[in-house]
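Summary of the model geometry
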Amino acid sequence: MNTDTTVYSKLIKDCFWEYDVTEDYIKKIVQSDHYKLKQILFSKIIYNSTDKARTLQALFSTTLLQKLLSDFKSSYNHKYIDRYVLMLKNILLGENNRIESLEWKIR
């Protein structure tokens, strides 16, 4: 994936403020074959990133994103996070999931 240092620095600022994490560490996770570490990174982005779609698209391939999004189970704040996952599927994977709470209302 084509990523620049601003994606990594923003990711560290948004998601890893309480850890001593470097850009190289995140790059190693993204480039590794260790799926569990990728799931942990993915969930940190889902719960904490201020620009989830752009960060996920920069770090992961579409195929891997599809697997990560389908395997993801929210552990708290279920209603908000599950709705956000549906939005990300629509944006990143081109799906057409209906999100009733975000639809226009007819008056």
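Residues numbered from 1 in each chain as written. Predicted model: local features only at pLDDT ≥ 70, side-chain atom pairs only at ≥ 80, totals over all residues. Heavy atoms only, no water.

Focus on helix α3 (residues 35-48)
For α3, spanning 14 residues, the distance from its first C-alpha to its last is 20 Å, which sits close to the expected 20 Å at 1.5 Å a residue. Those residues of α3 that fall on the buried side of the exposure criterion are Lys-38, Leu-41, Phe-42, Ser-43, Lys-44, Ile-45, Ile-46 and Tyr-47. For α3, the elements touching its buried residues are α1 (5-15), α2 (23-31), α4 (52-59), α5 (62-71) and α6 (78-93). (Helix = DSSP H or I, 4+ residues; strand = E, 2+ residues; numbered from the N terminus. Expected span 1.5 Å × (residues − 1). Buried < 20%, exposed > 50% of the residue type's maximum accessible area, 1.4 Å probe, protein only. Contact = heavy atoms within 4.5 Å.)

Remarks on the pattern of salt bridges
This structure, assessed with the given rule, holds four salt bridges. The residue Arg-54 makes a salt bridge to Asp-51 at a minimum N-O spacing of 3.0 Å. Across the pair Asp-71 and Lys-67 runs a salt bridge, and its minimum N-O distance is 3.3 Å. Here the residue Asp-71 and the residue Lys-67 both occupy positions in helix α5, the gap between them amounting to four residues, near one helical turn. (Salt bridge = Lys/Arg side-chain N within 4 Å of Asp/Glu carboxyl O.)

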